[in-house]
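Residues per chain are reported as follows:
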Amino acid sequence: MSYIKPKFRHPNLPTNRLGYTVADYDGAVSTLCAGCGHDSISAAIRNACFASALEPHRIAKISGIGCSSKMPTYFLGKSHGFNSVHGRMPSVATGASLANRDLTYVGVSGDGDTASIGMGQFIHLIRRNLNMTYIVANNGCYGLTKGQDSATADLGSVSKAGDANPFDGIDLASLAILQGASFVGRSFSGDKTQLEPLIRAAMAHKGFAFIDVVSPCVTFNNHAGSTKSYSETRDHLDVMPLDFVPMREEIRTQYAEGTTQSVTLHDGSVIHLHKADTSYRSDDRKSAMHAVQTAEDEGRILTGLLYLDPDSQDLHQNIQLASRPLNELGKDELCPGSKVLNSINEGLR
Ligand SMILES: Cc1ncc(C[n+]2csc(CCOP(=O)(O)OP(=O)(O)O)c2C)c(N)n1
Ligand code: SF4
Ligand SMILES: [Mg+2]
């Protein structure tokens, strides 16, 4: 069930470069539990699209199944949307992007949807470097089916029923770095100051941009003993703040020199990343892996832009697809004709 938001808006709401207010990026009223971390992520996506002045009708939202995968209903009500099958969002996103490369693709998934049933699809999406933003709302449980441990639940984390998890959790951010993802970030649903610029940067990145967001489930995984509750997460956060500066704006940063690394994206936007450890380079895969692992060993959750390859070649470039979206090509451009077909057949004899 979903509810439509009232149309009444304050007449003086600020507008972005396109003349839209943030309300133009709203979706339906959320039916998730009050206080669920997922609603904060929906708000961050809405605010990021508003701040980056993206045309709502040029965005496509795709998801799988779960409370997290319901999120697209609650933001960008004027955008395209596809709520797919459990764990199958990557193949739907790949097909959509191959047909129309000109849309901005935002995938929303859960730790169950991605790290269990969808793991095979997720890994291949990384490998293909599809040009999309992929956000996992990570609560360490299957919220929609009443809170069973998921594959990202940490070793020893205690369930609501009182059982300690006997398995090591899968760290999706480490996995994405290791597997060759061209943009990997991690954040916390309760930290919009970091999450919003991170999402804007991910959307500006050309290639697969993965963000793992710790997003507590207040109903099934927010008690003492859970490692993904609000209080445990806040107590262990190690935050690397960042600024996202779009191409058109003057470059300014509030952080001290020496601790800031700046990365320019293909469209001229700049990310300023503030790090406590000056030896860590977020454009070096080994350095990123080392920083994430060291933090984990020390019981810290390192958040921010963990890894970025600014020279990433996305799937379309890699397989040299036509620069015009396939769905805009006519029959004559799509059909090579019998002569070409005959020569292909000859080559296969
Ligand atoms: C093929 C299939 N298997 C199992 C289910 C049952 N199911 C629905 S949602 C879900 C897990 C959701 O967990 P997650 O992706 O972490 O989302 P959350 O609800 O925690 O946000 C499962 C197992 C299903 N819908 N389809
Ligand atoms: S069950 Fe958990 S994940 Fe699902 S809406 Fe409620 S708080 Fe959020
Ligand atoms: Mg979950």
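Provided above is the structure to which this section pertains.
The shown structure was predicted, so the numbers you read here are calculated from the model rather than taken from an experiment. (Residues numbered from 1 in each chain as written. Chains lettered and ligands numbered in written order. Predicted model: local features only at pLDDT ≥ 70, side-chain atom pairs only at ≥ 80, totals over all residues. Heavy atoms only, no water.)

**So, the site of ligand 2**
Then comes step 1: The environment of ligand 2 is formed by L32, C33, C36, H38, C67, N139, G143, C217, V218, T219 and F220.
Then comes step 2: Classifying every residue of the shell around ligand 2 by side-chain character gives 7 nonpolar, 4 polar and no charged. (Near = heavy atom within 4 Å. Nonpolar A, V, L, I, M, F, W, Y, C, P; charged D, E, K, R; others polar.)

**Observations regarding the packing of helix 5 (residues 172–179) against helix 8 (residues 285–297)**
Then comes step 1: Look at helix 5 against helix 8: their axes get within 10 Å of each other, and the N-to-C directions meet at 160°. One way to sum up the angle between helix 5 and helix 8 is to call them roughly antiparallel. Of the two elements, helix 5 crosses helix 8, and the hand of that crossing is left-handed. Contacts between helix 5 and helix 8 pair S174, A176, I177 and L178 from the former with R285, A288, M289, V292 and Q293 from the latter.
Then comes step 2: Across the contact of helix 5 with helix 8, the residue classes tally to 6 nonpolar, 2 polar and 1 charged. (Axes fitted to C-alpha atoms, helices over the stretch in contact; angles between N-to-C directions. Helix = DSSP H or I, 4+ residues; strand = E, 2+ residues; numbered from the N terminus. Parallel < 35°, antiparallel > 145°, perpendicular 65-115°, else oblique. Left-handed = near helix turned anticlockwise from the far one by under 90°. Contact = heavy atoms within 4.5 Å.)

**Examining the coordination of the magnesium ion (ligand 3)**
Then comes step 1: Looking at the magnesium ion (ligand 3), one finds its protein donor set to be D111 (OD), N139 (OD1) and C141 (O), positioned 2.1 to 2.2 Å from the metal centre.
Then comes step 2: In the primary structure, the donors to the magnesium ion (ligand 3) are separated according to the pattern D-x27-N-x1-C. Pair noted here: D111 is in helix 3 (residues 111–115) and C141 is in strand 5 (residues 141–142), with a separation of 30 residues, a long-range link.
Then comes step 3: Looking at D111, the relative accessible area reads 2%, which means it is buried.
Then comes step 4: The class of C141 is buried, set by a relative accessible area of 3%. (Donors = N, O, S within 2.8 Å, 3.2 Å for Na, K, Ca; no water. Buried < 20%, exposed > 50% of the residue type's maximum accessible area, 1.4 Å probe, protein only.)

**Some details on a nonpolar patch on the surface**
Then comes step 1: Among the surface-exposed residues, V340, L341, I344 and L348 lie close enough to one another that they form a single nonpolar patch of about 380 Å² accessible area.
Then comes step 2: Its place among the elements puts V340 in helix 11 (residues 338–348). (Patch = residues over 30% accessible without salt bridge, like charges linked within 9 Å, V, L, I, M, F, W, Y side chains within 5 Å. Areas by Shrake-Rupley, 256 points an atom, 1.4 Å probe, with all protein chains shown as cover. Salt bridge = Lys/Arg side-chain N within 4 Å of Asp/Glu carboxyl O.)

**Looking at the site of ligand 1**
Then comes step 1: Around ligand 1, 17 residues are found, and the nearest of them are S68, D111, G112, D113 and G143.
Then comes step 2: G112 places a main-chain nitrogen or oxygen 2.8 Å from an oxygen atom of ligand 1.
Then comes step 3: Measuring from an oxygen atom of ligand 1, one finds a backbone N or O atom of G143 at 2.8 Å.
Then comes step 4: Taken by itself ligand 1 offers 590 Å² of open surface, and the protein chains cover 73% of this. (Polar contact = N/O pair within 3.5 Å; in protein donor to acceptor, adjacent residues only side chain to side chain.)

**Examining the pairing of strand 10 (residues 242–245)**
Then comes step 1: The alternating pattern of strand 10 places L242 and F244 and D243 and V245 on opposite faces, both of which are buried.
Then comes step 2: Here 4 bridges tie strand 10 to strand 12 (residues 270–274), and the two strands are oriented antiparallel to one another. Across the sheet, F244 pairs through a bridge with I271, a residue of strand 12. (Pairing = 2+ DSSP bridges.)

**Focus: the pattern of salt bridges**
Then comes step 1: In this structure the tally under the stated criterion is 10 salt bridges.
Then comes step 2: Residues D26 and R46 are paired through a salt bridge, measuring 3.0 Å at the closest nitrogen-oxygen approach. In this pair, D26 is assigned in the segment before helix 1 (37–51) and R46 in helix 1, connecting sequence segments 20 residues apart.
Then comes step 3: With a relative accessible area of 14%, D26 lands in the buried category.
Then comes step 4: The partner of D238 in a salt bridge is R300, and the shortest N-O contact between them spans 2.1 Å. Taken together, the positions of D238 in strand 9 (residues 237–239) and R300 in the loop between helix 8 and strand 13 (301–308) put the pair 62 residues apart, joining distant regions of the chain.
Then comes step 5: The class of R300 is partly exposed, set by a relative accessible area of 30%.

**Some details on the environment of Q313**
Then comes step 1: Mapped onto the fold, Q313 is located in the loop between strand 13 and helix 9 (315–318).
Then comes step 2: The partly exposed category is assigned to Q313, whose relative accessible area is 48%.
Then comes step 3: On a C-alpha basis, the gap between Q313 and S182 in space is 8.8 Å, while along the polypeptide they are 131 residues apart.

In short, the description is geometric, and any link to function would need to be established separately.
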